Amino acid sequence: MSEPSSRLIFWGLLAVALLPRLLLLPFNENLYGDAVVRTELAERWLREPHLITSYGDGAFQFGPLHLYVVGFVLKVVPDRQLAGRLVSLLFGVLSVVPLYALTRRLFGWRAGVVAGLAFSVWGLHLQLSTTAASEALSLFLMLWVFALVAEGLDENRLGPIFGAAGVLNLACATRYDAWLFMPLLAVGLLLWGKDRVAAVTRAMGFGLLCLPFPLLWMQGNELAHGDPFYPIRAVEHFHVEWARDGIGRLGQAGYRLMNLGFWPGVALLTLSPGVAALGMVGMWRRWREEQEVRWLVLAAVVPALYFTFKAAVLTDFQPLARFTVTELVLVLPFVAPGFEALMGARGAGARRAVAGVTAVVAVALPLAVGLYTFRADGGWRDSVRPVSPTSTNPVPVMEAARFLEREVAPRGGSVVLDTEPSYLDIQLAFFSGLPDERIARVRWETFRKHLHELEPEYLVRFEGGELARDSGVTLEGRTLTLDGVAYEEQEGFSAPVHVYRRRPTPAK
């Protein structure tokens, strides 16, 4: 069979990638990946647009590029629950183009189509493409980088290599895990290629052209905070705390064992067992037989090994499923080569059977996980929700948020909002429709100031939150008294969320 036109393949893969993401968009909600916080920071930037130069200049521990992009879209689509998700949808769908280009160049158009189809039903990426986290944008940029590097190596040209360095600057401005690929790809460019002079030239050129954003960002943080790596150290601090919590739950041995198999485990669960297994087989076979693709194998394996070492040996890192996507997506170009390596000269019936079962499981697994976790809480649902294609907040949180959005926000009302250890109070505030100036948040240092200025009619308490431990709070049955003001608990809400209404003051 001759190769169809590239235009036909591109449009076909874009359509296949768009369909499931478009179907999920109306139902999914911002939950993981700091999607809510990123949207709120983008709103702040939009109110006062400026060049973000450091952690304290409006980006905090996040890369500034994603905030800019979400901010611009908010200008056009002023819907905070939708704008960031549209950004992810756009770049999530477009990612199939550089993935196909990369795979086709290395292994042919059929392998490219297989990679694109597997990508289209990748459950974890379906979630990332329909929520306002930064992974969809970051992954699109990284796939573009890999496609340009493959083009430069294949054609022995510097232009694509230098273009890859430029795009990698954008990726580094989006997420910090992209920084690891600056030295990694530079070494790969140096080690592979028959022309050693050309290899040195492209490696040095690539390395130097990767530096503009990182150097400017480091300078900004040095000037603002006295530490060029201030944001990275802030992220590391979070991970150390998360790791301590994990060790407390699982013990040292359990925590190390879980993290030892984290990357392959997430690959098998989210890409599906058949796709992941074929891709890994293809990686191993091509590593042994084709020196030209070893740089891509290393781009997938080295970061996974590095973070596994930090998590399982140093225990100062907590891996999350969304952190694995850059490495896992590089399994997909090797699926078709892995299939050929396994099936060899076997008959057409066996080949069709293996391909069919792999395809069915690749579709059925994310569908089953998505339905299992959709607007349902508790048990294993909470464990697999981070990799589910459906992203929905806990039902009790959304019940309270929709109540505030329906009954309080339109009337210009205000609310007291308790803290929640897993930051669900931030989720509730985001979906409540209430602006910040009408929420007295216990999480804020200005809580008492806002409380006395607003005199809120409603109060939301979380079980395990800080409000019940406040010296100004008395909780007796269904009555909560805050600084001498009594609130009565309302019916119709579920634990761990409790909604109270201010008791009317008796007429004098």
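Relevant structure appears above.
Residues numbered from 1 in each chain as written. Predicted model: local features only at pLDDT ≥ 70, side-chain atom pairs only at ≥ 80, totals over all residues. Heavy atoms only, no water.

Under the criterion given, the structure shown has four cavities of 30 Å³ or more. Its boundaries defined by the atoms lining it, the largest cavity holds a volume of some 50 Å³. Counting only elements with at least two residues in the lining of the largest cavity, the list comes to α7 (123–128), α14 (262–271) and α19 (348–373). No other element matches the three residues that α19 contributes to the lining of the largest cavity. Partitioned by chemical class, the residues of the lining of the largest cavity number seven nonpolar, two polar and no charged. Of the voids in this model, the second largest cavity is the one considered here, and its volume is about 40 Å³. What lines the second largest cavity is Glu 135, Ser 138, Leu 139, Arg 175, Asp 177, Arg 322, Phe 323, Val 325 and Thr 326. Looking at the lining of the second largest cavity, the elements that each hand over two or more residues are α8 (135–155) and α17 (325–329). (1 Å grid on protein atoms, 1.4 Å probe; cavity = no way out; pocket = protein on both sides within 12 Å on 5 of 7 lines; lining within 4 Å. Points joined across faces, edges and corners; volume = space filled by probe spheres on them. Helix = DSSP H or I, 4+ residues; strand = E, 2+ residues; numbered from the N terminus. Nonpolar A, V, L, I, M, F, W, Y, C, P; charged D, E, K, R; others polar.)

Moving on, we come to the layout of surface pockets. One way to see where empty space is left: roll a probe the size of a water molecule over the atoms. The calculated volume of the second largest pocket comes to roughly 530 Å³. Lining the second largest pocket are 23 residues, and of these Val 114, Leu 117, Val 335, Ala 355 and Ala 359 sit closest to its centre. Looking at the lining of the second largest pocket, the elements that each hand over two or more residues are α6 (109–120), α15 (273–289), α18 (335–343) and α19. Split by residue class, the lining of the second largest pocket holds 18 nonpolar, one polar and four charged.

With that out of the way, let us pick up the nonpolar core. With 105 residues, the main nonpolar core has Phe 146, Leu 168, Phe 206 and Leu 332 as its most contacted residues. Sort the elements by how many residues they give to this core and α8 lands first, with 12 residues. Every residue in contact with Phe 146, bar those within four places of it in the chain, is listed here: Leu 102, Phe 181, Leu 185, Trp 295, Leu 296, Ala 299, Thr 326 and Leu 330. Residues Val 397, Leu 417, Phe 431 and Val 497 belong to the second largest nonpolar core, which totals 24 residues. (Core = buried A, V, L, I, M, F, W, Y, C linked by side-chain atoms within 4.5 Å. Buried < 20%, exposed > 50% of the residue type's maximum accessible area, 1.4 Å probe, protein only. Contact = heavy atoms within 4.5 Å.)

Residue placement: Val 473 occurs in strand β4 (residues 473–476). Judged by relative accessible area, Val 473 falls into the buried class, the value being 11%. The contacts of Val 473, once residues within four sequence positions are left out, are Leu 467, Ala 468, Leu 480, Thr 481 and Leu 482.

Let's shift gears to the pattern of salt bridges. Under the counting rule described, the total for this entry stands at 29 salt bridges. Of the charged contacts in the structure, one is a salt bridge between Arg 175 and Asp 177, with a shortest N-O distance of 3.4 Å. The class of Asp 177 is partly exposed, set by a relative accessible area of 21%. Its salt-bridge partner being Lys 449, residue Glu 453 comes within 3.0 Å of it at the nearest N-O pair. With Glu 453 and Lys 449 both in helix α23 (residues 447–454) and four residues apart, this pair spans about one turn of that helix. One salt-bridge network, held together by shared partners, links Arg 105, Glu 151, Asp 154, Glu 155 and Arg 157. (Salt bridge = Lys/Arg side-chain N within 4 Å of Asp/Glu carboxyl O.)

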